[in-house]
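The primary structure of each chain is shown beneath.
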Amino acid sequence: MPAGPRAMVFALVILLLPPLVRAAELNDTPPSTERASMDTGVPSPGIPRGQGEHCVADTQFMRRNHMTLLMHQRDETVRLGVRGNQYSLQECINCHVVEDAEARPVTITNPQHFCRSCHDYAAVKIDCFECHASRPQAELVAGVLEE
Amino acid sequence: MGMEVRTTYREISGRSPQFYTLGVIMGTFFLLGLASVAYVEHAGHHVTGGSNQIVWGIPDVFAMLLIVSASGALNVAIISSVFRVKLYQPLERLSCLLAIGLLIGGLMILILDLGRSDRVIVAMLNRNFKSIFAWNFYLYTGFIAIVTVYLWTQMEPRMNRYIPAAGLFAFGWRLALTTGSGSIYGVLIAREAYNSAIMGPLFIAMSFSFGLAVYILVLLAACKGSGREIGSVLLRRLARLLGVFIVVVLYFTAVQHLTNLYAAGRGGVEHFILFDGGLYSLLFWGGQVFLGGLVPLVLLFRSSRGGLYPAGRTVALAAALVLTGAFAQLYVIIIGGQAWPLTLFPGMEVSSSFFDGEIAAYTPSLPEIGLGLGGVALAGLVVLFGTRLLRFLPTTLANSVLDPQPTAPAENS
Amino acid sequence: MSGNTNKLDAPTGFDPVRRKFLSAVTAATGVALAPGVMLYGITRPSPATANVANEAVANAARWGMLIDVGRCADGCDACVSACVEENGLEGHGRPATDAQWIRKVEIRNPSTGRRQSLPVMCQHCAEPPCVDVCPTGASFKRADGIVLVDKHRCIGCRYCMMACPYKARSFIAEDLEDQKPHAPRGKGTVEGCTLCVHRVDAGRQPACVEACGDSGGGAMLFGDLQDPQSEISRRVASHATRQIRADLGLDPGVRYQNL
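S.K.: How do you make sense of unusual backbone geometry when you look at a structure like this?
M.R.: The phi torsion of most residues other than glycine is negative, and most of the peptide bonds are trans. One non-glycine residue, Arg84(B), adopts positive backbone phi at about 55 degrees. By secondary structure assignment, the location of Arg84(B) is in the loop between helix H3 (75-81) and helix H4 (92-113). Using a relative accessible area of 57% as the deciding quantity, one classes Arg84(B) as exposed. Even without glycine at this site, Asn258(C) takes up a positive phi of about 60 degrees. Structurally, the position occupied by Asn258(C) is in the segment after strand S10 (254-257). Owing to a relative accessible area of 45%, Asn258(C) belongs among the partly exposed residues under this scheme.

Printed below as a string of structure tokens:
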């Protein structure tokens, strides 16, 4: 095939594979990132597991909608004073802690940070942590800090 | 009715050494401006001369100068199309281009001086219409759109009959824009130096004067650079018009300060600006009043009194002096007004760790000057490439073309 | 005469350059979109669980402070230290640009020579000029009277800093890290005293008030100005108190006694 049409076929394959993969899955088993990477050949993000049993909503919902929750909940908190455990950013950070080799929680400057593990992959820049602390406070108070 | 002036417009050749030199110089300053922004954005505003006391510095002075001049540069076109002065009709297109260029330059500085310039989208989507800033955002961007339409009515022969209507609309918009710019400062109850309703009219007067000065300089440079003649009749009219505008600005300045001096509470800040302020007083009297007001006034009216016709050099010098005074005036208003401490306890002496009661110090930093000059350079690039790409500049403004009843021109140096 | 001649006069029919360009662009777009599409493809949405959270604040309360200047000692800065500690306002050695949410102001009457010192912070006005001038609405007044900066919306224009008669706001001029989780603050935005809104919402008192009571002169009192039974309301009803620059008509929520 000449070069141009070949490139177009390649692009179509890339675009159509994920829906095909999903269609082939069993309905009650959510796909894992590892299986998806085996099938499509696109490298997958290594998203570390959070602490605790589960997140405030199930993983698939959070993966798709966490940005919407953040955008709306923050207005409710700041402007209306609605503070609650359910969608509190502090609680998110408290659970989704990643520790480095010396068992200290990493900040957003470290690529291992929970948010960065996926956001670096998707190349979506976030600026939450220009203002918000990116690791739990208890560690700050105890004086255990990354340099 | 008089003869119709059929003007031919032509692009500049864009091949002269002056063109390339100007392009390179302005391009360099523009890139330096962007580099300054990148530096300040990365390091934070602590590398500028600004502080919690003086929050708006040199970039804002440049931006206000560009924006006020932008609305004033449009005046020449408006005099032609709204006030039907045929002598200025060939000048319309360049006037619109210059207005757009200056406003783009000023807007660039304002946006890049924000602490979070990346949030301009947020600014566009969330508006608080009690804020003059919010109004100004629409006034500035709307100005660019409206002047573009106005320009189109001039350049598209089938739309020529809409020129007066477009010009009238642009005139109203430009008055609102300049009043809004002055009101940014006028509505601040906290700042004694300029909390006054006169700031709007003062800025209108400034726009007339500064805009015409910039226009004259650009017109003279463009015609000289591309070898096109400017007739002495037109030059004399422009010179005298500029002189009138200078007087109006001096008048409003006088009214502003005299009324402030009369109010007992404002005596402190007025004495600061006028007498005790060191640099600010020097800029006010030496820069604004003398160099920017009296000297060009004398130059312009002496060289054009009676039947005399001023030389291009004289008018250009006067215009340049007006702009020097303009810079001084805006520096005194914007920065001098912030240097004066806020009065928390009238009549008391105060001091604190937050510099209460102290006159704030400000030294412009290189990145700030870089940003300001970058905005000026952008305005210049818009005009330079505009006149190269499209037909803005008339081929000639000679007396024989503009003024069919010849009056003997006598050169005055 | 005014029309441009078409320099790129391509022959009708097959144009190999254009075809290659379109193919390359499509391929590039596909490759760029692939990771995001894959991520989207491996998730499946399900409805969220119910939101269990506090109620929104209403205007049933108006928070205010009463400061007894007579009890404010000259060299004491317990309130300032407490605010710095609580909100993570460590300085950078640059007093001109470092943030100050509360400061001690020393006043001297030039005719009588009498000296006083008092803390000044954001006055949480009922008619805040900072709210009026903010172009994005980032500076806002909460229903319970606390004036805040919504840093999600702040573009850093500093107009509120120009407008505030009390010089209450500061502009963050450098990168910050390890902010206090309850007091987010970031470069390029404007900030000011939040009346420790995170504490107030939890039913506690602002840090400065607490510190003044613990180790200062006990000069600061915090409470609900709209509740006639609260101590602050009873005190302002029975003692002479004043606001700073009351002539401006802003009705600040911070009042001063014995000033």
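Having seen it, we continue.
S.K.: What exactly am I supposed to notice about the packing of aromatic side chains here?
M.R.: The way to describe two aromatic rings as a pair is by their centre distance and the angle between their planes. Counting across every chain of the model gives 20 aromatic pairs over all chains. With centroids separated by 5.7 Å and ring planes inclined at 10 degrees, the aromatic side chains of Trp56(B) and Phe133(B) adopt a geometry described as stacked. One end of the pair, Trp56(B), is in the loop between helix H1 (17-43) and helix H2 (58-73); the other, Phe133(B), is in helix H6 (residues 132-155), and 77 residues separate them in sequence. Pair check on accessibility: Trp56(B) and Phe133(B) agree, each one buried. An aromatic cluster is built from Trp56(B), Phe133(B), Tyr185(B), Tyr194(B), Phe203(B) and Tyr159(C), whose rings are joined through pairwise contacts. Geometry around Phe140(C) places Arg79(A) over its ring, the cationic atom sitting 4.3 Å from the centre. Directly above the aromatic system of Phe208(B) lies the positively charged group of Arg174(B), at a separation of 4.7 Å from the ring centroid.

S.K.: Honestly, a nonpolar patch on the surface in this entry has me stumped. Any pointers?
M.R.: All names here are of chain B. On the surface, Ile25, Phe29, Leu32, Leu366, Ile369, Leu373 and Val376 cluster together into a nonpolar patch covering about 590 Å² of accessible area. Every element with two or more residues in the nonpolar patch is listed here: H1 and helix H13 (366-389). In terms of residue count, H13 provides more of the nonpolar patch than any other element does, four residues in total. With respect to the secondary-structure elements, Leu366 resides in helix H13. We classify Leu366 as exposed; its relative accessible area is 70%.

S.K.: Any chance you could explain the interface of chain C and chain B here in plain terms?
M.R.: Size of an interface, as often reported, equals the accessible area lost when the parts are brought together. In this assembly, 58 residues from chain C lie in contact with 52 residues from chain B. When chain C packs against chain B, the two sides together hide about 4600 Å² of surface, and 57% of this comes from carbon and sulfur. In terms of surface lost to chain B, no three residues of chain C exceed Tyr159(C), Met162(C) and Lys167(C), which account for 18% of the buried area on that side. Here chain C and chain B share four salt bridges between them. The shortest N-O distance in the salt bridge between Lys130(B) and Asp132(C) comes to 3.0 Å. Among the elements of the structure, strand S2 (102-108), strand S3 (115-121), helix H3 (129-133), helix H4 (159-163) and strand S6 (169-171) of chain C are those that each provide at least two residues to the side of chain C that touches chain B. A total of six residues in the side of chain C that touches chain B trace back to one element, the largest contributor, which is S2(C).

S.K.: Is there a simple way to think about the environment of Val236(C) in this case?
M.R.: Tracing the chain through its elements places Val236(C) in helix H7 (residues 231-238). Aside from chain neighbours lying at most four places away, what touches Val236(C) is Leu66(C), Thr241(C) and Arg255(C).

S.K.: Honestly, the side chain of Arg103(C) in this entry has me stumped. Any pointers?
M.R.: Along the chain, the position of Arg103(C) falls in strand S2. Reaching out from Arg103(C), the side chain makes a polar contact with the side chain of Asp356(B) at a distance of 2.7 Å. Setting aside chain neighbours within four positions, we find Arg103(C) in contact with Leu344(B), Ser352(B), Ser353(B), Phe354(B), Asp356(B), Val80(C), Leu118(C), Pro119(C), Val120(C), Tyr166(C), Lys167(C) and Ala168(C).

S.K.: Teacher, can you tell me more about the packing of H2(B) against helix H7 (residues 163-186) of chain B here?
M.R.: All names here are of chain B. Axis separation between H2 and H7 bottoms out at 9 Å; the angle between their running directions is 155 degrees. In this view, H2 runs roughly antiparallel relative to H7, as classed from their interaxial angle. When the axes of H2 and H7 are compared, the crossing they make is left-handed. Across from Asp60, Met64, Ile67, Ser71 and Gly72 in H2, the residues of H7 making contact are Arg174, Leu177, Thr178, Ser181, Ile184 and Tyr185. Of the residues assigned to the contact of H2 with H7, the class counts are five nonpolar, four polar and two charged.

S.K.: When you look at the sheet that holds strand S9 (residues 241-242) of chain C in this model, what are you seeing that I'm missing?
M.R.: Within a sheet, each strand pairs with its neighbour through backbone hydrogen bonds, oriented either parallel or antiparallel. Residues and elements named next belong to chain C. Across the sheet, which stays open at both edges, the four strands sit in the order S8-S1-S10-S9 with mixed pairing between neighbours. Lying at the two open borders of the sheet, with one neighbouring strand each, are strand S8 (220-224) and S9. Pairing analysis gives four bridges linking strand S1 (residues 63-68) to S10, with the strands arranged parallel. From the neighbouring strand, Met65 faces S10, where its bridge partner is Val254.

S.K.: Would you take a moment to explain the sheet that holds S3(C) for this structure?
M.R.: Taken in spatial order, the three strands make up an open sheet running S2(B)-S2(C)-S3(C), and their pairing is antiparallel. Every interior strand has two partners, whereas the edge strands, strand S2 (349-352) of chain B together with S3 of chain C, have only one. Between one strand and the next, the sheet's axes are offset by a mean angle of 30 degrees, whatever the strand orientation. Pairing of S2(C) with S3(C), which is carried by seven bridges, proceeds in the antiparallel orientation. The residue of S3(C) that forms the bridge with Arg108(C) is Arg115(C). The strands that helix H2 (residues 78-87) of chain C touches are S2 and S3 of chain C; relative to S2(C), the one it contacts most, it runs at about 160 degrees.

S.K.: Just checking my understanding: could you explain the packing of H4(B) against H6(B) for this structure?
M.R.: Working note: a packed helix pair is described by the angle between its axes plus the distance between those axes. Residue and element names in this part refer to chain B. Two elements in contact, H4 and H6, have axes whose closest approach is 10 Å; the angle formed by their N-to-C orientations is 160 degrees. One finds that H4 runs roughly antiparallel with respect to H6. Once H4 is placed against H6, the crossing between them reads as left-handed. Between H4 and H6, the residues in contact are Glu92, Arg93, Cys96, Ala99, Ile100, Leu103, Ile104, Leu107 and Leu110 and Tyr140, Thr141, Phe143, Ile144, Val147, Thr148, Tyr150, Leu151, Gln154 and Met155, respectively. Considered class by class, the residues forming the contact of H4 with H6 number 14 nonpolar, three polar and two charged.

Rules behind the numbers
- Residues numbered from 1 in each chain as written.
- Chains lettered and ligands numbered in written order.
- Predicted model: local features only at pLDDT ≥ 70, side-chain atom pairs only at ≥ 80, totals over all residues.
- Heavy atoms only, no water.
- Helix = DSSP H or I, 4+ residues; strand = E, 2+ residues; numbered from the N terminus.
- Buried < 20%, exposed > 50% of the residue type's maximum accessible area, 1.4 Å probe, protein only.
- Phe/Tyr/Trp six-rings, centres within 6.5 Å; stacked < 30°, edge-to-face > 60°.
- Lys NZ or Arg CZ within 6 Å of the ring centre and 35° of its normal.
- Patch = residues over 30% accessible without salt bridge, like charges linked within 9 Å, V, L, I, M, F, W, Y side chains within 5 Å.
- Areas by Shrake-Rupley, 256 points an atom, 1.4 Å probe, with all protein chains shown as cover.
- Salt bridge = Lys/Arg side-chain N within 4 Å of Asp/Glu carboxyl O.
- Contact = heavy atoms within 4.5 Å.
- Buried area = accessible area lost by both parts, 1.4 Å probe.
- Polar contact = N/O pair within 3.5 Å; in protein donor to acceptor, adjacent residues only side chain to side chain.
- Axes fitted to C-alpha atoms, helices over the stretch in contact; angles between N-to-C directions.
- Parallel < 35°, antiparallel > 145°, perpendicular 65-115°, else oblique.
- Left-handed = near helix turned anticlockwise from the far one by under 90°.
- Nonpolar A, V, L, I, M, F, W, Y, C, P; charged D, E, K, R; others polar.
- Pairing = 2+ DSSP bridges.

Interpretation in functional terms is not warranted from these geometric data alone.
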